There are 2 protein chains.
Amino acid sequence: MDVQIDLILKRNQLSVTGSRMKILELFLESKGALAHGDIEKRTGEKFDRVTVYRTLQIFLEKGIIHNIPTSDNSVRYALCTNDCSEGHHHDNHVHFVCSACSNTTCLADVMVPSVKLPVGFSPEESQMVVTGICKDCK
Amino acid sequence: MDVQIDLILKRNQLSVTGSRMKILELFLESKGALAHGDIEKRTGEKFDRVTVYRTLQIFLEKGIIHNIPTSDNSVRYALCTNDCSEGHHHDNHVHFVCSACSNTTCLADVMVPSVKLPVGFSPEESQMVVTGICKDCK
DNA sequence: AAAGTTATGCAACTTTGTTGCAAATTATTT
DNA sequence: AAATAATTTGCAACAAAGTTGCATAACTTT
Ligand SMILES: [Mn+2]
Ligand SMILES: [Mn+2]
Ligand SMILES: [Zn+2]
Ligand SMILES: [Zn+2]
């Protein structure tokens, strides 16, 4: 695990620091997505709030995590599956938000379907969020 | 216009007040979606921030407006096309966010396609957001 | 081990959203 | 049309979320 964490950080030209290791570890352990608040809780107030913000920010830029669109004003992040790189994300899978446990899951095997847009609109990226009951809550 | 506004408010058992009329008017005029900030700007600081929050809140509950999922932490609202009622929205159309002008458009004619989920997941509602270049910016 | 580089934590601040309550406005009744 | 009842508004005070500059601490390179 520690080796993997080290590898991911170095691959992205990030210096290996306590907060980055710990936060990356959280993402690797966690099945679903994490909000800023989750991370603060699970790190046990060990790191400054500003550090958490900055770490998430740089992980996002580097393509280590991606964020997930939501209807409320919460911001959630999940680990990128693979081959995402600086500025180029390829996590075009569907996200599932459970209305019971409110966990957010990356459905890595479910691709976002393409839709036919009205004339004049040219798509760049599509995101899809499905709410409902997850497999742990049914 | 004024008659229409009056009608919508009364149909939803809302008392007809200055702020509600004005904010509803903004939605009727505007082609795209509005964020809380847009509304504050366009009303010209005429109403208290709290009033705007509460008005949006009740419009949402009544099914007069719906909110649109975004990847950043912004909250955007758009007028419901029709037949949405208290607690029951039926705006299952695709939303388009322009990366040039950053306007958000309801693609009322484009339905959100359904996807096949892994076993154990039961869907309730699906939302889809497409980013790209809109017809005004191409 | 020392120097150079980068990240962290603190403080101070801005923005965003919430709550209680008295005054004002709107709806209803007489 | 005036009085009463019900609802909404704005203010104040607060809480939560996010940002920025800068000195210190930690990490990396030599
Ligand atoms: Mn994902
Ligand atoms: Mn819409
Ligand atoms: Zn669940
Ligand atoms: Zn545009």
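In this report, the structure presented in the accompanying data block is examined.

Thresholds applied
- Residues numbered from 1 in each chain as written.
- Chains lettered and ligands numbered in written order.
- Predicted model: local features only at pLDDT ≥ 70, side-chain atom pairs only at ≥ 80, totals over all residues.
- Heavy atoms only, no water.
- Near = heavy atom within 4 Å.
- Polar contact = N/O pair within 3.5 Å; in protein donor to acceptor, adjacent residues only side chain to side chain.
- Helix = DSSP H or I, 4+ residues; strand = E, 2+ residues; numbered from the N terminus.
- Nonpolar A, V, L, I, M, F, W, Y, C, P; charged D, E, K, R; others polar.
- Core = buried A, V, L, I, M, F, W, Y, C linked by side-chain atoms within 4.5 Å.
- Buried < 20%, exposed > 50% of the residue type's maximum accessible area, 1.4 Å probe, protein only.
- Salt bridge = Lys/Arg side-chain N within 4 Å of Asp/Glu carboxyl O.

1. Examining the protein's contact with DNA strand C
Part 1 of the reasoning: With respect to spatial proximity, 18 residues lie near DNA strand C, and among them S19(A), T51(A), R54(A), R49(B) and Y53(B) are the closest.
Part 2 of the reasoning: Put simply, 63% of the atoms of DNA strand C that lie within 4 Å of the protein are in sugar or phosphate.
Part 3 of the reasoning: Residue R54(A) places a side-chain N or O atom 2.6 Å away from a base oxygen belonging to DNA strand C.
Part 4 of the reasoning: In terms of residue count, the dominant contributor to the surface near DNA strand C is helix α4 (residues 49-62) of chain B (4 residues).
Part 5 of the reasoning: Looking at the surface near DNA strand C, its residues break down into 5 nonpolar, 7 polar and 6 charged.

2. Examining the protein's contact with DNA strand D
Part 1 of the reasoning: Around DNA strand D there are 18 residues in total, and V16(A), Y53(A), S19(B), T51(B) and R54(B) lie nearest to it.
Part 2 of the reasoning: Side-chain polar atom of T17(B) to a phosphate oxygen of DNA strand D: 2.8 Å apart, as the coordinates give it.
Part 3 of the reasoning: Here a phosphate oxygen of DNA strand D sits 3.3 Å away from a polar atom, N or O, in the main chain of D48(B).
Part 4 of the reasoning: Of all elements in the fold, only α4 (49-62) of chain A together with α2 (18-29) and α4 of chain B reach the threshold of two or more residues within the surface near DNA strand D.
Part 5 of the reasoning: Looking at the surface near DNA strand D element by element, the count peaks at 4 residues for α4(A).
Part 6 of the reasoning: Here the residues of the surface near DNA strand D are counted per class, giving 5 nonpolar, 7 polar and 6 charged.

3. Examining the nonpolar core
Part 1 of the reasoning: In this structure, F96(A) and F96(B) are the most contacted members of the largest nonpolar core, which totals 22 residues.
Part 2 of the reasoning: Listed by contribution, the elements that provide at least two residues to this core are β4 (93-98), β5 (104-111) and β6 (122-133) of chain A together with β4 (93-98), β5 (104-111) and β6 (122-133) of chain B.
Part 3 of the reasoning: Listed in part, the 19 residues of the second largest apolar core include I8(A), I23(A), L24(A) and I65(A).

4. Description of the pattern of salt bridges
All names here are of chain A.
Part 1 of the reasoning: All chains considered together, the criterion is met by 6 salt bridges over all chains.
Part 2 of the reasoning: Of the charged contacts, one joins K10 and D6 as a salt bridge, the two residues approaching to 2.8 Å between their closest N and O atoms. Of the two residues, K10 and D6 are both situated in helix α1 (residues 2-11); the distance of 4 residues between them amounts to about one turn of the helix.
Part 3 of the reasoning: The exposure class assigned to K10 is exposed, which follows from its relative accessible area of 53%.
Part 4 of the reasoning: By relative accessible area, D6 is classed as partly exposed at 23%.

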